[in-house]
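# Structural features, examined
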Amino acid sequence: MEIYLPLILIIVAVLLVMALLNRYRRCPSDKILVVYGTSGTSKSAKCVHGGGTFVWPIIQDYAYLSLTPISIDANLTNALSRQNIRVDVPCRFTVGISTEPESMLAAAERLLGLTPQQIQELARDILFGQLRLVIATMSIEELNSDRDKFLEAISSNVEVELKKIGLRLINVNVTDINDESGYIEALGQEAAAKAIDEAKVRVAEQEKMGEIGKADAVRETRIRTAAANAEAVKGENEAKINIANSDADRREREAEAQRRATAAEKVTQARALEESYAAEQKAENARAERERSTQNANVIVAQEIEKRRLIIEAEAAAEQKRVNAKGEADAIFAKMEAEAKGLFEILTKQAQGYDKMIQAAGGDATKAYTLLLLEKLPELVKTQVEAIKGINIDKVTVWDNGAGTGNGQTSTANFLSGLMKSVPPLGELFDQAGMSLPEYLAKKKEEDSKPEGEE
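Let me begin by describing the structure that accompanies this report. (Residues numbered from 1 in each chain as written. Predicted model: local features only at pLDDT ≥ 70, side-chain atom pairs only at ≥ 80, totals over all residues. Heavy atoms only, no water.)

### A closer look at the sheet that holds strand 3 (residues 45–48)
- One open sheet holds the three strands; their spatial order is 3-2-5, and the pairing between them is antiparallel. The open sheet is flanked by strand 3 and strand 5 (60–66), the only strands paired with a single partner. Averaged over all pairs of adjacent strands, the angle between their axes in this sheet comes to 25 degrees, without regard to strand direction.
- Bridge analysis of strand 2 (residues 31–37) against strand 5 gives seven bridges, and the strand direction is antiparallel. In the sheet register, Tyr36 faces strand 5, and the bridge partner there is Asp61.
- Along the sheet, helix 2 (residues 101–110) contacts strand 2, strand 3 and strand 5; its crossing angle with strand 3, the most-contacted strand, is approximately 125 degrees. (Pairing = 2+ DSSP bridges. Helix = DSSP H or I, 4+ residues; strand = E, 2+ residues; numbered from the N terminus. Axes fitted to C-alpha atoms, helices over the stretch in contact; angles between N-to-C directions. Contact = heavy atoms within 4.5 Å.)

Structure follows, in structure tokens:
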């Protein structure tokens, strides 16, 4: 028995879990899941759309509300308009349960458990009342001509009332509007009568113009008849004269008619020639246009092709020049870079040589560049000598009377001494280079610079 007890507990636990999982309910997209019972909240039910929820056994239960649209025929009759005229307004509404949270809760509270026919009857009562209210605020002319305003008023009023029971208006369709007094029909008849009256007025105007013309013709006939009778009374002579004049007028009129016929014939011929010339001109213009197109195709197109070829060649030459210039620039850059590297190597080697020379001089830089200058001294002296080497002294005439100077030398000796002093001494060379003579040479220089007779 102790062996089977854990197995029994496991089976009971599995069955309990399966029972709990079996209470999880999923909601289809065309329905609303309503969970009601003890939920621990202030709401009377929990509404779920497009998801799922757990339904506790015993304390909770669930049901579904369908979202399928409901079509309702609302053929309203004998509704009073703003003009107190009764009208018949056949309408067809399409409504459905709303998926807004507040509307779903209202539908769960008021529509849960009702059949579609019961929901349809409930919505129809609301629609009839609101439809009557909207018609009472509008005139017959507005109902008949301004349908957009009518439908907007229906939607705004009906939507509010349907929302109270969880429904929403999907569509409204209004067919023909009739009234028992025949006012709408009278409006149509009035428009038709107005059009007919306007047509009759135009016909009467034309008839008046015809009668006026007819009266003018009768009056003209009477006047001419009276004149003819008066002329006949004057006698045969006058009648003969009149006859002769009439014959003359007849012949004149015949001549005028003949002239007009001839002129008309000439005009017709001229028009025919004008049309012929116009046709020929049009043909010539077409031929000229064809010739112009041919010239464009043969000359301008060829020139355009040549122009494009020259442009392409110019662009290619420019590109070649840019490539050559870039190559030359790269070559110059490479050359300068090589020269810079060579100069860098030379200066580096010179610096290394100077460093070793300073090390050989015991770390004294002054002694090092003194040694370096001593190496260059022959070149410096040679440069100084070259400075006066090019002086061409063809002839020197010295007038010497043999008298001595204050230092006991003659004028000739002084001249030669001054000439030799024109060559820069070594001490000045060292001074110009920023160095000093060696100690033994400096002492020798001091001794040479003392006047004679001084110790």
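### Topic: helix 3 (residues 116–136)
- The end-to-end C-alpha distance of helix 3 is 30 Å, a good match for the 30 Å that 21 residues give at a rise of 1.5 Å each.
- Turning to helix 3, its buried residues are Ile119, Ala123, Arg124, Ile126, Leu127, Gln130, Leu131, Val134 and Ile135. (Expected span 1.5 Å × (residues − 1). Buried < 20%, exposed > 50% of the residue type's maximum accessible area, 1.4 Å probe, protein only.)

### Things to note about the environment of Gln83
- Checked against the element boundaries, Gln83 lands in the loop between strand 6 (70–80) and strand 7 (86–97).
- Look at Gln83 and you get partly exposed, because its relative accessible area is 33%.
- Sequence separation between Gln83 and Met138 is 55 residues; the distance between their C-alpha atoms is 8.1 Å.

### So, a nonpolar patch on the surface
- A contiguous nonpolar surface patch, about 880 Å² in accessible area, is contributed by Tyr4, Leu7, Ile8, Ile10, Ile11, Val12, Val14, Leu15 and Met18.
- Here Ile8 is to be found in helix 1 (residues 4–22).
- Given the relative accessible area of 42%, Ile8 is considered partly exposed. (Patch = residues over 30% accessible without salt bridge, like charges linked within 9 Å, V, L, I, M, F, W, Y side chains within 5 Å. Areas by Shrake-Rupley, 256 points an atom, 1.4 Å probe, with all protein chains shown as cover. Salt bridge = Lys/Arg side-chain N within 4 Å of Asp/Glu carboxyl O.)

### So, the pattern of salt bridges
- Under the definition given, this model contains 19 salt bridges.
- Notably, a salt bridge pairs Asp30 with Lys31, separated by 3.8 Å at the nearest N-O pair.
- A relative accessible area of 37% means that Asp30 is categorised as partly exposed.
- Classification of Lys31 by relative accessible area gives partly exposed; the value is 28%.
- Here Arg309 and Glu313 are joined by a salt bridge, their closest N and O atoms 2.3 Å apart. Taken together, the positions of Arg309 and Glu313, both in helix 7 (residues 236–360) and four residues apart, correspond to about one turn of that helix.

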